[in-house]
Amino acid sequence: MATLKEKLAEKIPAWRERAGKLVNKHGDRAISGVTIQQAYGGMRGVKGLVCDTSLVDPQKGLIIRGIPLKDLVHKMPEEIFYLLCTGELPDKAGLKSLQDEMSAKAKVPGYVFKVLDAMPEDSHPMVLLDTGILCMERESVFKKKYDEGVAKGEYWESTLDDSITLMARLPAVAAYVYRRRFKKGGPIDPDPKLDWGANYAHMLGVSDDPEFANFMRLYLVLHCDHEGGNVSAFTCRTVNSALSDLYYALSAGLNGLAGPLHGLANQECLGFVLGILEKHGNKVPSDDQLKKFVWDTLNSGRVIPGYGHAVLRATDPRFSAFLDFGKRVCPEDPAFKVVERLFTLVPDILMEHGKAKNPWPNVDAGSGSLLYHFGMKEFPYYTVPFGVSRAMGLCSQAVEARAMMTPITRPKSVVTDWIEKEVGM
Ligand SMILES: CC(C)(COP(=O)(O)OP(=O)(O)OC[C@H]1O[C@@H](n2cnc3c(N)ncnc32)[C@H](O)[C@@H]1OP(=O)(O)O)[C@@H](O)C(=O)NCCC(=O)NCCS
């Protein structure tokens, strides 16, 4: 058995040696170029980062440390965090030691709730989550160690300490946000006997259905990471590269997740599905009615939420996992049924429409309908569990970056005059 820290301590020297060899032997070899279109177009496809926690294959979707997500959907989120950090799934004892450490660190300081209570009542749940994280910054072990002058090679240890503390506390902060923001009554105490995902489900107090805990575990596994260049991951790693500790960096990354083209899309997806039901007398419409609704949306210049992706070019395996869950647990739920029907219709319509490079569903197309099924009807909240899950990826990427002693991020920008001169315009 190895604790997460022991396993990392065992692996990091070899990772450093491997990267050092590559840089020493092949450091000046180009692995990517940048076209003018890419420079103006969000750097899409430019290979300029190393992230070993996970990779998004255009066809296969998310692959975590070499293992396709579809082979991990029955794991616990804590196992996935261990895998993201180390490249190995924990054995039973390794998992137990991580869970015990998380339980020991789970108590959220009382001032966090006071800060959240002082926020305006209509603050977006993501603002509350990120504020809750940021106001705990004074607790950072990394910051303390840095101020004490700890050596650079050891930064990863205190970054891991901060990661585990943050992850341990996030479900309680996130559940508090839900219950306060949507007036669900007082907070529900954590149950120390429960695992991370089940405890989050318990503290939300949304449903007594035992499948809800299973759903939260699945939700937390599926949203855990999506390589290094997406908005939240890139933001988090950039902020953390300045050696701003994880409290700063994680809240910054999650602020990016709050955007409608990123994590907020799941709230928009459910709005889309409910809009369909509402327009058709709360009944699942016929395929022809659905097709018309989709075309009307496109023709009015709007996107179909939950479809398309910057990297994926196939059905997102995370969507497939939610679809399988819904088919097992709530096949007759009207919102879920609409999601299922849309999946059979939208890709062909988007292909005919001819704009989206990827006509297939992404993770957000299905997750909201399942949260809704379990009784969580407040869809402005939906990005929050996404954020709790994505903290696993952002934190493990930060541990990796500090383990590899990655320097401050500083790509070069150019001015339009320079580009014009380069091309002779
Ligand atoms: C995810 C997303 C932001 C990726 O953006 P992207 O990489 O720029 O996507 P593309 O290169 O395929 O975009 C090309 C065009 O297709 C359009 N397009 C992409 N996805 C679309 C969709 N779901 N519905 C309609 N049009 C879409 C884009 O708006 C763009 O149109 P434009 O040329 O008029 O600006 C985009 O697909 C989208 O907005 N999807 C809906 C929101 C969503 O589901 N977000 C969650 C992401 S996990």
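Since the model is a prediction, treat every value here as computed from it, not as a measurement. (Residues numbered from 1 in each chain as written. Predicted model: local features only at pLDDT ≥ 70, side-chain atom pairs only at ≥ 80, totals over all residues. Heavy atoms only, no water.)

1. Things to note about the overall build of the protein chain
A count of helices and strands for the protein chain gives 19 helices and three strands. Taken against the 2.2 N^0.38 rule, which gives 22 Å for 425 residues, the C-alpha radius of gyration of the protein chain at 22 Å falls within 12% of a compact globule. The buried share among the 425 residues of the protein chain stands at 50%. Considering only residue pairs separated by 6 or more positions, the protein chain has 75% of its internal contacts joining residues 24 or more positions apart. If you sum the accessible surface of the protein chain, you get close to 20,000 Å²; carbon and sulfur atoms cover 55% of it. Once the 52 positive and 52 negative side-chain charges of the protein chain are each reduced to a mean point, those two points are 2 Å apart. (Helix = DSSP H or I, 4+ residues; strand = E, 2+ residues; numbered from the N terminus. Rg over C-alpha atoms; globule rule 2.2 N^0.38 Å. Buried < 20%, exposed > 50% of the residue type's maximum accessible area, 1.4 Å probe, protein only. Contact = heavy atoms within 4.5 Å. Areas by Shrake-Rupley, 256 points an atom, 1.4 Å probe, with all protein chains shown as cover. Lys, Arg positive; Asp, Glu negative; His and termini not counted. Charge placed at Lys NZ, Arg CZ, Asp CG, Glu CD.)

2. Remarks on helix α6 (residues 125-134)
A large share of α6 lies buried, amounting to seven of its ten residues. Along α6, the residues classified as buried are Pro125, Met126, Leu128, Leu129, Asp130, Gly132 and Ile133.

3. Quick notes on the packing of aromatic side chains
For the structure shown, the criterion picks out 17 aromatic pairs. On the numbers, 6.5 Å between centres and 90° between planes, the contact of phenylalanine 182 with tyrosine 381 is edge-to-face. You can see phenylalanine 182 sitting in the loop between α8 (155-181) and α9 (196-204) and its partner tyrosine 381 sitting in the loop between α17 (364-373) and α18 (383-403), a full 199 residues away along the chain. Classification of phenylalanine 182 as buried rests on a relative accessible area of 16%. Ring geometry for tyrosine 219 versus phenylalanine 322: centroids 5.8 Å apart, planes at 50°, classification tilted. Note that tyrosine 219 is positioned in helix α10 (residues 210-222) and phenylalanine 322 in helix α15 (residues 317-329), a separation of 103 residues in sequence. Among the residues examined, phenylalanine 322 registers a relative accessible area of 1% and is labelled buried. Joined through ring pairs, the aromatic side chains of Phe212, Phe215, Tyr219, Phe322, Phe325 and Phe374 make up one cluster. For arginine 328, the ring lying beneath its charged end belongs to phenylalanine 325, and the centroid distance is 5.2 Å. (Phe/Tyr/Trp six-rings, centres within 6.5 Å; stacked < 30°, edge-to-face > 60°. Lys NZ or Arg CZ within 6 Å of the ring centre and 35° of its normal.)

4. A short note on the domain arrangement of the protein chain
For the protein chain, the assigned domains are domain 1 (77-262 + 382-403) and domain 2 (265-373). Once you take the C-alpha centre of each, domain 1 and domain 2 turn out to be 28 Å apart. Contacts between domain 1 and domain 2 engage 16 residues on the former and 19 residues on the latter. The junction of domain 1 with domain 2 conceals about 1,700 Å² of combined surface from both sides, 63% of it contributed by carbon and sulfur atoms. Inspection of the region where domain 1 meets domain 2 yields one salt bridge. One salt bridge in this structure joins glutamate 211 and arginine 328, with 2.9 Å as the shortest N-O distance. Our enumeration of links across domain 1 and domain 2 arrives at six residue pairs in polar contact (both at pLDDT 80 or more). Among the elements of the structure, α10 and α18 are those that each provide at least two residues to the side of domain 1 that touches domain 2. Per-element tally for the side of domain 1 that touches domain 2: the top contributor is α10, with six residues. Classifying every residue of the side of domain 1 that touches domain 2 gives seven nonpolar, seven polar and two charged. (Domains from an automatic or database assignment. Buried area = accessible area lost by both parts, 1.4 Å probe. Salt bridge = Lys/Arg side-chain N within 4 Å of Asp/Glu carboxyl O. Polar contact = N/O pair within 3.5 Å; in protein donor to acceptor, adjacent residues only side chain to side chain. Nonpolar A, V, L, I, M, F, W, Y, C, P; charged D, E, K, R; others polar.)

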